[in-house]
Each structure stands twice: as C-alpha cells, then as structure tokens.
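Tertiary structure, described
In case you want the letters, here they are:
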Amino acid sequence: MTATHSLDVPGAVITYDVRLPATPSGEPPLMLIGSPMDASGFVTLAGHFSDRTLITYDPRGTARSVRTDPAPESTPAQHADDIRRVIEAVGGPVDLFASSGGAVNSLALVAAHPGLVRTLVAHEPPAVRFTPDHKEAEAAVLGIRALYERSGIGPAMVKFIQIVSMKGPVPPGFADEPGPDPATFGLPAEDDGARNDTLLGQNLVTCCLYEPDFDALRAAPTRIVVGVGAESEDELANRSGRGVAERLGISPTVFPSNHAGFLGGEYGQHGDPVPFATTLRQVLAA
C-alpha cells in the first residue's frame, strides 16, 4: 500500500510517498532519493525491497514538489532540510540510499542531523572539488552554467552529457569547446528564452561545488558507505565519489553497472537493477 503526502517547508511544498510492506522485516524504513531525479526513478529499485517501509520523494523544484521561493538556486543544505522534515514526518531513523545529487544532499543531511540516518549509502556523489583535476572540473561546471544562461538548455545539456560520460580527467577549457549539435541528442538547438531547468539552473553549481563537513561526517554515529559503479570507472561522478570516500577514510564500495545502475527502464534507461539491489541489500545488512 502506497500513501502520498505533501509537506509545507520553507520555500517549497514537498511531495513524498510511503510504501508499507505486506510482511514487515523489522528493519527501519528505507528512503531512496536522488536529485534532480524524483520518486519515479526508484520504482524498479523499490520493487526489490517489498519487505521494508519505503520512502521516496520529489526534491524541491521537480515533478510534484513545487518551489515557492524566488531564489534562482537551491542548496544542498535546503535539500537536506527537506529530507529531514520528510524523515521526521514518517518517523526515523531510516536507512538511506542516495544517488548522484541526492548523495551530495544526504551528506549535508548526515552532517547536520546524524541521528536520523542509521546507514547512508551515497552512490557517486558528484562533488567535483575532490578529484585530482578539481580545478578543471570546477571550471567546466561553471562554464556549463554560463553556457546555459547564454544559450539555453540545448547547448548546455549537450556539454553536461559530455562531461558526465567522459572517461578520465576533464581537459582545460572543456566548457568553451563547441559541443555536438543538440538535435543529435533530441534537444532543442534554438534558445526558447526559458531558464527554469531544475538541473542546469537550480542545482548544478550548488551541488557539484559543495564541500561536505567531513569532520562532522567522521564523528557521526551514522554508518556511511560511498558507492561507485563498476562500469563508470574514471567518469567524473565516480572519481568524485572516490575522492569523498578518501576524505572520510573509507574504501568505496563497488556496485554493479553504472551511475544509474538501479534503473530498470525509467526514463528509457536500463542499468542492471537485480544485482544492484542485491548488493544494496548486502551493504545495508553488513
């Protein structure tokens, strides 16, 4: 049984879902989050944890969660506070699987509210300041944001797709190099004037340039696991995750497939969700 709720928070109305198990396992609730990925991205993964209460939500500014503040960007601290309020509304502590930008936001959550999370699995947090090529990576992030403001979603999204799939260090001047025709990716080449994209406008810079409070994270009672994809080796989010793990003094845990290995057809993407879920269950039980 799934129940959908809404929650008024500063600057947004957050929508979240709670799925109750037919046969409870006795384990704490499991929350599955992304950013900007919303709850619809976790349908397949949730199906592998039918023995647990499951919590999913739409981050502010995505899908059913509407922003009410005029600020151009949202920060990991704001997202973390939204997650905190959802957990407290449902009743914690929880185990938390967090993907991509959600992993960055979850690190902010645990640093500020460690008692709410028993185990955090932060899968490939794209905190680019913790890569060996961090200067080039940061310049690329800022350059993509500037390209978005200058030319719109098509050209900027093409560069974003390029950088997240690139193997190896980010080359100097990456954002200034011409990208492929956006039409080849099904993206508009013409600028429609809109600047309301959740990824490129709201979250890209604040997420990717976020610096976690590593002292607070190391001191937290929360067990923190940093996951990286077996097939995303040398990609930017994978390398960022490894950098975060190093600063936490832990070894990253390798998950099957890639950055979105838990997807089973959501958004037309297929990872390897069965072994991914098996690995996640083993990690949570360790």
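Calculation rules
Residues numbered from 1 in each chain as written. Predicted model: local features only at pLDDT ≥ 70, side-chain atom pairs only at ≥ 80, totals over all residues. Heavy atoms only, no water. Helix = DSSP H or I, 4+ residues; strand = E, 2+ residues; numbered from the N terminus. Expected span 1.5 Å × (residues − 1). Phe/Tyr/Trp six-rings, centres within 6.5 Å; stacked < 30°, edge-to-face > 60°. Buried < 20%, exposed > 50% of the residue type's maximum accessible area, 1.4 Å probe, protein only. Pairing = 2+ DSSP bridges. Right-handed = clockwise from strand over helix to strand, strands pointing away. Core = buried A, V, L, I, M, F, W, Y, C linked by side-chain atoms within 4.5 Å. Contact = heavy atoms within 4.5 Å.

**Regarding helix α2 (residues 76-90)**
The first and last C-alpha atoms of α2 sit 21 Å apart over 15 residues, in line with the 21 Å expected at 1.5 Å per residue. Following α2 by one or two positions, Gly91 adopts a phi angle in the positive range, close to 110°.

**Focus on the packing of aromatic side chains**
Under the definition given, this model contains 6 aromatic pairs. Ring geometry for Phe42 and Phe262: centres 5.2 Å apart, planes at 5°, overall stacked. With Phe42 in the loop between β3 (30-33) and α1 (43-46) and Phe262 in the loop between β9 (253-255) and α9 (273-285), this residue pair connects regions lying 220 residues apart in the sequence. Per residue, the accessibility class of Phe42 equals that of Phe262, and both read buried. Between Phe255 and Phe276 the ring centres are 4.9 Å apart and the planes differ by 40°, which places this aromatic pair in the tilted class. Of this pair, Phe255 sits in strand β9 while Phe276 sits in helix α9, and the two are 21 residues apart along the sequence.

**Let's talk about the pairing of strand β8 (residues 223-229)**
Buried residues dominate β8, accounting for 6 of its 7 residues. Note that strand β7 (residues 117-123) and β8 share 5 bridges and pair parallel. When the sheet's bridge partners are listed, His123 is paired in β8 with Gly227. Bridging between β8 and β9 involves 3 bridges; their strand directions are parallel. Note on β9: the bridge partner recorded for Gly227 is Thr253. Taken together, β8, helix α8 (residues 236-248) and β9 constitute a β-α-β crossover, and its handedness is right-handed.

**Concerning the nonpolar core**
Met31, Leu120 and Val244 are the most contacted members of the largest nonpolar core, which totals 39 residues. The dominant element in this core, judged by the number of residues it contributes, is helix α3 (residues 101-112), at 6 residues. Those residues in contact with Val244, other than ones at most four positions away along the chain, are Leu107, Pro125, Ala127, Phe130, Phe214 and Val226. If you look at the next biggest cluster of nonpolar residues, it comprises 23 residues, including Val141, Met157, Val158 and Leu199.

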